[in-house]
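Architecture at a glance
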Amino acid sequence: MAIVFDAANGGTVNGASLTVAITVGSGSNRVLAAAAHSADSTFTATYAGSAFDEELYDGTPGTPFQFIAVYFETAPTSGANNMVFTPSVSGAIAGGGISFTGVDQATPHDTIDVATGTSATPSNATASAIDDMVVDFSAQNQGTNSTPTGTGHVERVDSANGD
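Calculation criteria
Residues numbered from 1 in each chain as written. Predicted model: local features only at pLDDT ≥ 70, side-chain atom pairs only at ≥ 80, totals over all residues. Heavy atoms only, no water. Phe/Tyr/Trp six-rings, centres within 6.5 Å; stacked < 30°, edge-to-face > 60°. Buried < 20%, exposed > 50% of the residue type's maximum accessible area, 1.4 Å probe, protein only. Helix = DSSP H or I, 4+ residues; strand = E, 2+ residues; numbered from the N terminus. Pairing = 2+ DSSP bridges. Patch = residues over 30% accessible without salt bridge, like charges linked within 9 Å, V, L, I, M, F, W, Y side chains within 5 Å. Areas by Shrake-Rupley, 256 points an atom, 1.4 Å probe, with all protein chains shown as cover. Salt bridge = Lys/Arg side-chain N within 4 Å of Asp/Glu carboxyl O. Contact = heavy atoms within 4.5 Å. Core = buried A, V, L, I, M, F, W, Y, C linked by side-chain atoms within 4.5 Å. pLDDT = per-residue confidence, 0-100.

What to know about the packing of aromatic side chains
- Across all of its chains, the model carries four aromatic pairs by this definition.
- Seen from their ring centres, Tyr47 and Phe52 are 6.4 Å apart, and the 45° between their planes marks the pair as tilted.
- Using a relative accessible area of 8% as the deciding quantity, one classes Phe52 as buried.
- Taken together, a centroid distance of 5.4 Å and an interplanar angle of 35° make the contact between Phe52 and Tyr71 tilted. With Phe52 in the loop between strand S5 (50-51) and strand S6 (54-58) and Tyr71 in strand S7 (residues 68-74), this pair connects stretches of sequence that are 19 residues apart. Across the pair, Tyr71 and Phe52 agree in class, each one buried.
- Joined through ring pairs, the aromatic side chains of Tyr47, Phe52, Tyr71 and Phe85 make up one cluster.

Some details on unusual backbone geometry
- The backbone of Ala48 shows a phi angle near 55°, a positive value even though the residue is not glycine.
- Along the chain, Ala48 turns up in the loop between strand S4 (43-47) and S5.
- For Ala48, a relative accessible area of 33% corresponds to the partly exposed category.

A few points about the sheet that holds strand S8 (residues 79-87)
- Spatially, the four strands line up as an open sheet ordered S2-S8-S4-S5, and their pairing is antiparallel. For this open sheet the edge positions go to strand S2 (18-24) and S5, each flanked by a neighbour on one side alone.
- By the bridge criterion, five bridges tie S4 to S8 in an arrangement that is antiparallel. The residue of S8 that forms the bridge with Tyr47 is Met83.

Some points on a nonpolar patch on the surface
- Residues Ile3, Met133 and Val135 make up a contiguous nonpolar surface patch of about 210 Å² in total accessible area.
- Examined against the element boundaries, Met133 turns out to sit in the segment after strand S9 (91-101).
- Met133 sits in the partly exposed class, given a relative accessible area of 37%.

Overview of the side chain of Asn81
- By the secondary structure assignment, Asn81 is in strand S8.
- Beyond its immediate sequence surroundings of up to four residues, Asn81 is in contact with Val20, Ala21, Ile22, Tyr47 and Ala48.

Some details on the nonpolar core
- Core analysis: the largest hydrophobic core is formed by 18 residues, its most contacted members being Ile22, Phe43, Tyr47, Phe52, Tyr71, Met83 and Phe85.
- Looking at this core, the elements that each hand over two or more residues are S2, strand S3 (31-38), S4, S7 and S8.
- It is S2 that contributes the most residues to this core, four residues altogether.
- Once residues lying within four places of it in the same chain are set aside, the contact partners of Tyr47 are Ile22, Val24, Leu32, Phe52, Glu73, Pro76, Thr77, Gly79, Asn81, Asn82 and Met83.
- If you look at the next biggest cluster of nonpolar residues, it comprises six residues, including Val31, Phe72, Ile98 and Phe100.

Digging into the confidence of the model for the chain
- Per-residue confidence for the chain gives a mean pLDDT of 80, with 72% of residues at or over 70.
- The element-level mean pLDDT for the chain is lowest in S6, coming to 73, with S2 highest at 97.

Section: the pairing of S8
- Relative to S8, S2 runs antiparallel, the two being bridged by seven bridges. Within S8, the position partnered with Thr23 by the bridge is Ala80.

Structural notes on the environment of Met83
- For Met83, the position within the fold is in strand S8.
- Taking the C-alpha atoms as reference points, Met83 and Ile22, separated by 61 residues in sequence, lie 7.4 Å from one another.
- Ignoring anything within four residues of it in the chain, the contact list for Met83 reads Asn9, Leu18, Thr19, Val20, Ile22, Leu32, Ala34, Thr46, Tyr47, Phe52, Gly96 and Gly97.

Given below as structure tokens:
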């Protein structure tokens, strides 16, 4: 079964939490990947009122503006629901999610690859194999948005938090 894009949405807020609506389809073998960015803050995150199945990465606070948390939900509830991202410190928050169908439910993802830095032109080489789907979340603060480029890249959500 091929992996197929289902839905995506993102948002920003300056406050205590960010709520992003997403409508996940009813296709089989669904997954939802999500991420949130805020300056120097850990997160809690929910989808449809419950904690995400898995927190894949919750960066190390202490390096301002280089913090991202990544979440994963296998077989997310279909229909219109909210993702809610709550940082440990209120402030500018950007976040969003993307859902797919046709994903192996027993092993829905491999390992996560993380890179941090201060480049105006960020890049990261992620090892993958034939038929793999690579989902990329990039967080950037203060400056111009950098859109990933390269063969096969499709930007689905672009949320700028404006700080």
